[in-house]
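# Analysis of the macromolecular model
Take a look at the letters that make up each chain.
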Amino acid sequence: MGGNVFIQNDYLSLSQLAGGLRDMPWPAEAACERVRDGPGVTQRTHGLIMKSNHGPSINISMLIKQKKIVAAYAARSFRQHVKASTNLSRNKPRIRGDIFLRAAFLVSKWKEIAMNSRIDYRKTSAAVSRNFNGFQEPSQKISKWAAVPRIPAHCVRSKFACAAPAVAMFLVGSGAFADTSDVKGPKPVIVAKSGEHCKDDPNCFNRIHYAVKPVARVKPGQKFILETRDGLDSDLDFSSTAEDVAAVDLNRCHPLTGPVYIEGAKKGDSIAVTVVDIEPDEFGTTTVVPGFGFLRDMFTDPYIVHWDLNRLEARSKDMPGISVPNNSFMGTIGVLPDKEELQKWLKREQELADAGGAVLTPQPVEALPADLCGVDGTAKSECLRTVPPRENGGNVDARETIVGTTILLPCFIDGCGLFAGDVHFAMGGGEVAGTAIETGGRVTLEAQVRRGGAKLQTTMHFEGGSQLKQLAPSSFYAISGLPVKSEGELPVFETYLGGEKIAPLANLSEDLTLAARNATLNMIDFLVKTKGLTREQAYVLTSVAVDLNIAQVVDYPNVGVTAILNRDVFKEQ
């Protein structure tokens with residue numbers, strides 16, 4: 001923070017502002033040393049005046065030390081000391097007057113600046129204005145302000161020393177000496193959580209409907225913090241067992257914080273939501289819940305891994321030798337639909353359910369808000385589950401949406417109705433076990449409105465800079481997957497289409513889901529054979545540290561999926 005201040009045009013004698021401070025007693029024991037005035041030489045007043053090639057200067061650091069001035073604002077344009085010009089012909093130190101014109105403007109706005117000091121702002125600013133074009137001795141002003149103390153006479157050997165308090169007034173008034181920890185930006189809006197579960201929290205809900213009321217309002221560009229819960233809204237902790245996992249009620253998924261009304265956002269606009277920060281909780285879990293997950297037909301027993309989290313990594317006694325880096329993101333972020341969009345989604349999902357597809361239709365048990373979506377709710381048959389993502393975003397589980405990225409969401413209603421939750425400390429692309437490293441956290445966001453942006457998107461978009469590089473491992477191992485299976489096997493995701501043709505086949509045509517399943521099973525086998533993990537541990541590790549990437553979709557019948565293991569996770573305990 002270097003730099004000097006030189007303002008051209010008018011000059012003003014420093015001594016004219018000597019009476020600018022009140023109640024700032026100078027130390028009577030100040031050591032003074034008489035030396036002659038002139039370039040390169042100056043007088044000392046308890047270390048306040050120091051040598052300068054341009055004449056006397058104020059030793060600001062010493063001034064602060066002596067007067068214990070604690071400013072409330074950090075200066076940007078004024079630096080560690082002000083260099084003064086000296087009129088040698090009259091032997092009067094002077095400083096450019098425009099600086100003090102700004103000082104008068106600033107001190108007129110400040111109410112209280114320093115500890116142990118009070119400034120008569122009205123008198124000071126008026127005096128500066130009156131004296132700007134003329135020269136008067138300080139005593140002429142001080143005589144009118146009887147309460148203003150004087151520097152001890154034995155220390156006053158030059159008008160420059162007499163002017164030091166006035167310079168302090170100016171510099172403190174401009175906030176030059178605030179410690180950076182004292183400087184705060186605008187306070188964010190905080191949507192806080194309360195109670196043990198979502199049902200105890202007025203800022204939490206777990207069903208999607210256009211009539212869910214906003215719990216907060218923010219302006220475009222205003223930061224806001226959402227305090228979120230883990231995606232299961234569970235009671236799991238370090239002592240939880242597999243039996244506790246089996247008892248988890250999936251009707252509570254997902255507890256979401258919001259909705260937040262974005263001021264100025266209209267239907268047909270979009271909002272650009274930048275992820276400013278995610279502070280994860282200190283505990284997280286990865287669970288295998290019976291009946292849920294990509295390989296739910298093969299991993300049918302409950303299982304849990306307890307994670308100890310910090311800002312850098314996740315470690316677990318259940319997974320010795322594994323350290324998963326922190327790449328926190330919101331598994332769920334979205335906006336509320338309008339009535340027309342909601343009805344469209346309800347219709348298509350019911351048709352799929354009628355065909356035997358895996359769909360979670362409206363379920364009022366544990367549904368929130370209870371008066372709208374609960375057992376006695378007014379719209380209980382219309383409140384959508386949060387598990388599947390839709391055009392409004394929701395449970396997209398896009399692991400790339402880490403801090404620094406911007407998420408683009410179309411607005412179906414005025415204010416958009418933004419919500420978020422389900423923080424994942426880390427996740428492999430695919431989240432194959434059905435869960436990542438699940439945790440709660442404090443999510444800081446900032447939203448901007450893009451007029452008419454909804455016309456450019458029918459689903460959630462997101463953008464960023466170098467975040468993908470941050471996610472890339474420094475060392476990896478990859479395994480390919482193909483749409484092949486054992487003869488007679490009927491994967492669970494194929495059952496609703498009928499198994500008469502599929503079950504006998506060992507090879508399916510252009511089936512990316514089967515290729516991803518094949519890649520996942522190949523990776524689990526590899527980890528069991530080479531790393532000594534149990535199959536459950538390998539399944540969990542694949543869910544949090546292995547990415548399923550599409551290799552190609554054109555080489556029919558065998559489209560390809562690649563499972564990429566982040567080998568950086570293998571570290572000594």
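Heads up: these notes are all about the structure in this document. By convention here, each chain's residues receive numbers from 1 onward along its written sequence. The predicted origin of the model limits local features to residues at a pLDDT of at least 70 and limits the giving and counting of side-chain atom pairs to 80 or more, whereas totals for whole chains, interfaces and linings rest on all residues. Computation of side-chain values covers all heavy atoms of the structure but excludes hydrogens and water.

### As for the pairing of strand β21 (residues 418-424)
Moving residue by residue along a regular strand, the side chains alternate between the two faces of the sheet. Let me state the cut-off plainly: Only protein chains enter the accessibility calculation, which uses a 1.4 Å probe. A residue is then buried if its area is under 20% of the maximum for its type, exposed if over 50%, and partly exposed in between. Starting at the N terminus, helices and strands are each numbered in turn, a helix being any DSSP run of H or I of at least four residues and a strand any DSSP run of E of at least two. Being paired, for any two strands, means DSSP has found at least two bridges between them.
Burial of β21 is extensive: seven of the seven residues sit out of reach of the surface. With three bridges joining them, strand β12 (residues 256-262) and β21 adopt antiparallel strand pairing. Bridge pairing links Leu256 to Gly421 in β21. Taken together, the six bridges between strand β18 (residues 329-335) and β21 define a ladder with antiparallel strand orientation. Within β21, the position partnered with Val335 by the bridge is Leu418.

### Considering helix α11 (residues 512-531)
Put simply, the rule is: To estimate how far a helix should reach, multiply one less than its number of residues by 1.5 Å. Every residue pair with non-hydrogen atoms within 4.5 Å of one another is taken to be in contact. Contacts described as polar in this section are N or O atom pairs within 3.5 Å, which, within protein, must combine one atom able to donate a hydrogen with one able to accept it, while residues neighboring in sequence count only if both atoms come from side chains.
Spanning 20 residues, α11 covers 28 Å between terminal C-alpha atoms, matching the ideal 28 Å at 1.5 Å per step. Every buried residue belonging to α11 is among Leu514, Ala515, Ala516, Arg517, Asn518, Ala519, Thr520, Leu521, Met523, Ile524, Phe526 and Leu527, and all of these are buried. Where α11 is buried, its residues contact β24 (476-481), α12 (535-545), β25 (546-552) and β26 (560-566). Measuring from the backbone nitrogen of Thr513 back to the side-chain oxygen at the start of α11 gives 3.2 Å, which picks out Asp511 as the cap.

### Focus: the sheet that holds strand β23 (residues 461-463)
As a reminder, the rule being used: Between N-to-C directions, angles cover 0 to 180 degrees, with each direction set by a line fitted to C-alpha atoms, over the stretch in contact for helices.
With mixed pairing, six strands are arranged side by side in an open sheet as β8-β11-β22-β13-β20-β23. The open sheet has two free edges, formed respectively by β8 (189-191) and β23, since each of these has just one partner strand. Strand-to-strand twist of the sheet, defined as the mean angle between neighbouring strand axes without regard to direction, takes the value 30 degrees. Inspection of the sheet shows β8 paired to strand β11 (residues 223-228) by three bridges, in the parallel sense. From the neighbouring strand, Ile190 faces β11, where its bridge partner is Ile225.

### Structural notes on α12
The buried count for α12 comes to nine of eleven residues, which makes it a mostly enclosed element. Regarding α12, the residues found buried are Gln537, Ala538, Tyr539, Val540, Leu541, Thr542, Ser543, Val544 and Ala545. Each element contacted by the buried residues of α12 is listed here: β14 (283-288), β15 (303-309), β17 (323-325), α11, β25 and β26.

### Details of the side chain of Asp269
Position of Asp269 among the secondary structure elements: in the loop between β12 and β13 (270-280). Here Asp269 falls in the buried class, since its relative accessible area comes to 6%. Here the side chain of Asp269 touches Arg451 through a polar contact of 2.7 Å, side chain to side chain. Ignoring any residue separated from it by four or fewer positions in sequence, one finds Asp269 in contact with Gly264, Leu409, Pro410, Cys411, Val449, Arg450, Arg451, Gly452, Gly453 and Ala454.

### What about the state of the cysteines?
Among covalent bonds in proteins, the disulfide is the one between the sulfur atoms of two cysteines. Convention followed: Disulfide assignment relies on a single distance test, namely cysteine sulfur atoms paired within 2.5 Å.
Within the structure shown, the criterion is met by three disulfides. The disulfide bridge from Cys373 ends at Cys383, spanning 2.1 Å between sulfur atoms. Between Cys373 and Cys383, the S-S torsion sits near -75 degrees, and that sign places the bridge as left-handed. Here Cys383 lies in the loop between α9 (370-373) and β19 (393-394) and Cys373 lies in helix α9, a separation of ten residues in the sequence. Like Cys373, the residue Cys383 is buried in the burial classification. At a sulfur-sulfur separation of 2.0 Å, the disulfide partner of Cys411 is Cys416. When the S-S torsion is -100 degrees, as for the bridge of Cys411 with Cys416, the disulfide is left-handed. Cys416 shares its class with Cys411; the two are buried. Disulfides within the protein link the bonded cysteines, taken in sequence order, as 1-2, 3-4, 5-6.

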